[in-house]
Amino acid sequence: MSNGLALLSIFVLSVFIGFEVVSKVSTTLHTPLMSGANAIHGIILVGAITVTDHADTNLELGLGIAAVVLATINMVGGFVVTDRMLEMFKGKPRVKKDVEAVGGEAK
Amino acid sequence: MISKNLYDLIGLAVAVCFILALKGLSSPKSARRGNLIGAFGALVATGFVFRSPEMTLHHKWWIMGAIVFGVVVGVPAARRIQMTQMPQLVALFNGVGGGAAALVAIVEYLKLGSSASTPDVVATVFTVIVGCVSFSGSIVTFLKLQEIMTTRPVVFPGGRFVIAATLLGTLGCAEWVIHSMGNVSLTVMAVLALLFGVLFVLPVGGADVPIVISLLNAFTGLTVAASGYVLQATLLIVAGTLVGASGTILTRLMAAAMGRSLFGTLFGAFTAKPQAAAVGGEVRPVKSGSPDDVAILLNYAQRVVIVPGFGLAVAQAQHTVRELADLLTSKGVDVAYGIHPVAGRMPGHMNVLLAEANVPYEQLVEMDEVNPTFPQTDVVLVVGANDVVNPAAKTTPGCPIYGMPILDVAEAGNVIFLKRSMRPGFAGIENELLYDPKTTLLFGDAKNSLTKVVSALKAL
């Protein structure tokens, strides 16, 4: 099997895994799903690092560095914000008093 | 340096981490751990890419600096954002991801040279185009949601023609790039793709933005997968495809929840006939009540369903509504929240907003489950929602929301609307339910009104 074909196979199988896994996601968690998936595509950072490393000209280096910055924002920011959301969903036993004291964080 | 095989094996492990991250989201209990596994995987992948056999480490300080800069920008943004602004942030992060993928593809293109194989060139060109569309489209979405620009659909004469022409121009350029392998053609193509991204989001109205965000999310996923093909990185293919799948599923769900075709959303069906359901201009009588009336209705109910809309979040009334629900529960009233799939501004947004106010997620009931319970419900409290309870979606063929599944609140004994004014909702359609004899309206800011109802209820 040629390399291209192997990669294509991986792609096709991933499509099925993706649909299978995502269709089981609870509707309550669709927003975290979106931001979590968003964070996952930040893995383009690996690609950005690779092409920047191989850069020969200043143009390539500049574009590559920009890509690293954007990808890092995407990945790190995405995971942090998803964690912040999911933290709120933990099924805590309802302790009323401390909940009341926390109040809003609207600034 | 580590061997190529070991490096690929690590890539596989990281891909598994990402699958587990998504799998964790099947229940709120396992979700947070799943996300941490995903973040751990991403960290491992980033760490080990520096030890990959192909790395020269010529520019490692530049790369490190860029990563640090990205962290310094990204983390505070993610920490400070308010939950109501989540859609904007997701749009923005999605845009920068798409932009990063496009830049990676451009650098790859500059390195390909004339000996490159056609599949590689095609995949690169695809990444540049879709990455650029995703970048500029997401930025416009962000500007709309942040209300830096108007949330109304922006349409201009011949707009569709211009959009089609831009798309054809981009594809024509792609052909040119593939044949010439020149830098000018690539630049023109990228600019046209950026322009297309802007034009394609401009006509989308505020209510449809959730669909566009998830569609653009799917786009970015696919660009990452295509980059993976060019860079021969299995991990990028798996990760990108997972995101593509999730974006696609959410886009379809959203479109179905609004009773619209994806095509209709993107090409402005909402804007085409804004006054389809205009039923004369005369002022009709409505029954408006005081906070005390509302408190009495609620106090003697056995079952109350609260229907929250984005107006609740705008008024920052999530905490007050929870206080009201707690108070009713303590009085022995059965309280649930009826959540329409498009309540809020992105799929599942309302769940996040209520979770922030410590509403237990067990009380959040999806549309399909809550609808059969309305006939046994004494009082429905609609807070800052309108279109998602508008019976016109069932009764008025030709109105813009016709066919959209709604919460059948009209089946309940009493309906209370907390509204700021008689102004119709996002879709601009009159709601017949407001004039129904069993409907009581309480005018005012949602938070103020709820606070008054809570104190009236305490006094009873």
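Residues numbered from 1 in each chain as written. Chains lettered and ligands numbered in written order. Predicted model: local features only at pLDDT ≥ 70, side-chain atom pairs only at ≥ 80, totals over all residues.

## A few points about the overall build of chain A
- Check the secondary structure of chain A and you find 5 helices and 0 strands.
- Each helix and strand of chain A, ordered N terminal to C terminal, gives the series α-α-α-α-α.
- Relative to its 107 residues, chain A shows a buried fraction of 56%.
- Sequence separation of at least 24 residues holds for 63% of the intrachain contacts in chain A that already meet a minimum separation of 6. (Helix = DSSP H or I, 4+ residues; strand = E, 2+ residues; numbered from the N terminus. Buried ≥ 20, exposed ≤ 12 C-beta atoms within 10 Å, placed from the backbone. Contact = placed C-beta atoms within 7 Å.)

## A word on the packing of helix α8 (residues 209-231) of chain B against helix α9 (residues 234-257) of chain B
Residue and element names in this part refer to chain B.
- In the contact formed by α8 and α9, the axes pass within 7 Å of each other and the chain directions differ by 160°. As summarised for this structure, α8 and α9 are arranged roughly antiparallel, according to the angle between their axes. Relative to α9, the crossing made by α8 is left-handed.
- In terms of residue class, the contact of α8 with α9 is made up of 17 nonpolar, 13 polar and no charged. (Axes fitted to C-alpha atoms, helices over the stretch in contact; angles between N-to-C directions. Parallel < 35°, antiparallel > 145°, perpendicular 65-115°, else oblique. Left-handed = near helix turned anticlockwise from the far one by under 90°. Nonpolar A, V, L, I, M, F, W, Y, C, P; charged D, E, K, R; others polar.)

## What to know about helix α2 (residues 30-41) of chain A
- For α2(A), built from 12 residues, the straight-helix expectation of 16 Å at 1.5 Å per residue is met to within 8% by its first-to-last C-alpha distance of 17 Å.
- Taken together, the buried positions of α2(A) are A:H30, A:T31, A:P32, A:L33, A:M34, A:S35, A:G36, A:A37, A:N38, A:A39, A:I40 and A:H41. (Expected span 1.5 Å × (residues − 1).)

## Focus on the interface of chain B and chain A
- With 101 residues of chain B in contact, the opposing surface of chain A contributes 81 residues.
- With 17 residues, the single largest contributor to the side of chain B that touches chain A is helix α4 (residues 86-112) of chain B.
- Residues belonging to the side of chain B that touches chain A are distributed by class as follows: 61 nonpolar, 32 polar and 8 charged.

## Overview of unusual backbone geometry
All names here are of chain B.
- Positive phi outside glycine occurs at Q232, with the angle close to 55°.
- Relative to the helices and strands, Q232 is located in the loop between α8 and α9.
- Look at N358: it is not a glycine, yet its phi comes out positive at around 65°.
- When you line up the elements, N358 lands in the loop between α15 (349-356) and β3 (364-366).

## Details of the packing of helix α14 (residues 318-330) of chain B against helix α18 (residues 446-459) of chain B
All names here are of chain B.
- Their axes nearest at 9 Å, the elements α14 and α18 cross at an angle of 20°. As judged from the angle between their axes, α14 and α18 are roughly parallel. For the pair α14 and α18, the crossing hand works out as left-handed. Residue-level contacts link T320, V321, E323, L324 and L327 of α14 to K447, L450, T451, V453, V454, L457 and K458 of α18.
- When the residues that make up the contact of α14 with α18 are grouped by side-chain class, the tally is 7 nonpolar, 2 polar and 3 charged.

## Quick notes on the sheet that holds strand β1 (residues 303-308) of chain B
Residue and element names in this part refer to chain B.
- Across the sheet, 6 strands lie side by side as β3-β2-β1-β4-β5-β6; this open sheet has parallel pairing. Looking along the sheet, the strands with just one partner apiece sit at the ends: β3 and β6 (439-443). Direction aside, neighbouring strands of the sheet carry axes that sit 25° apart on average.
- Relative to β6, strand β5 (residues 414-419) runs parallel, the two being bridged by 5 bridges. Pairing of K419 across the sheet is with F443, part of β6. (Pairing = 2+ DSSP bridges.)

## Thoughts on helix α4 (residues 58-88) of chain A
- Across its 31 residues, α4(A) extends 45 Å between first and last C-alpha, which sits within 8% of the 45 Å expected from 1.5 Å per residue.
- For α4(A), the tally of buried residues reaches 25 of 31 residues, placing the bulk of the element in the interior.

## Overview of the domain arrangement of chain B
Residues and elements named next belong to chain B.
- Entries for chain B in the domain assignment read domain 1 (81-271) and domain 2 (291-459).
- Averaged C-alpha coordinates put domain 1 and domain 2 at centres separated by 36 Å.
- Elements with a contribution of two residues or more to the side of domain 1 that touches domain 2: α4, α8 and α9.
- Taken together, the residues of the side of domain 1 that touches domain 2 break down into 15 nonpolar, 4 polar and no charged. (Domains from an automatic or database assignment.)

## Comments concerning the nonpolar core
- Core analysis: the largest hydrophobic core is formed by 192 residues, its most contacted members being A:I43, B:V128 and B:V382.
- The greatest single-element share of this core, amounting to 17 residues, is contributed by α4(A).
- With residues up to four places along the chain from it excluded, the contact list for B:V382 reads B:V307, B:V389, B:V409, B:V415, B:I416, B:F417 and B:L418. (Core = buried A, V, L, I, M, F, W, Y, C linked by C-beta atoms within 7 Å.)

## Overview of the confidence of the model for chain B
All names here are of chain B.
- Residues of chain B with pLDDT of at least 70 account for 94%, and the chain-wide mean is 87.
- Low pLDDT, under 50, characterises residues 269-281; the stretch is placed with 23 contacts to residues that sit more than four places away or in other chains.
- Here the predicted complex carries an ipTM of 0.85, next to a pTM of 0.85. (pLDDT = per-residue confidence, 0-100.)

## Considering the pairing of strand β4 (residues 379-383) of chain B
Residues and elements named next belong to chain B.
- Of all 5 residues making up β4, 5 are buried, and the element is well covered by its neighbours.
- Bridge count for β1 against β4 is 5 bridges, and the pairing is parallel. Note that in β4 the partner of V304 across the bridge is V379.
- When β4 meets β5, the two strands line up parallel, connected through 5 bridges. Among the inter-strand pairings, L381 is bridged to a residue of β5, identified as I416.

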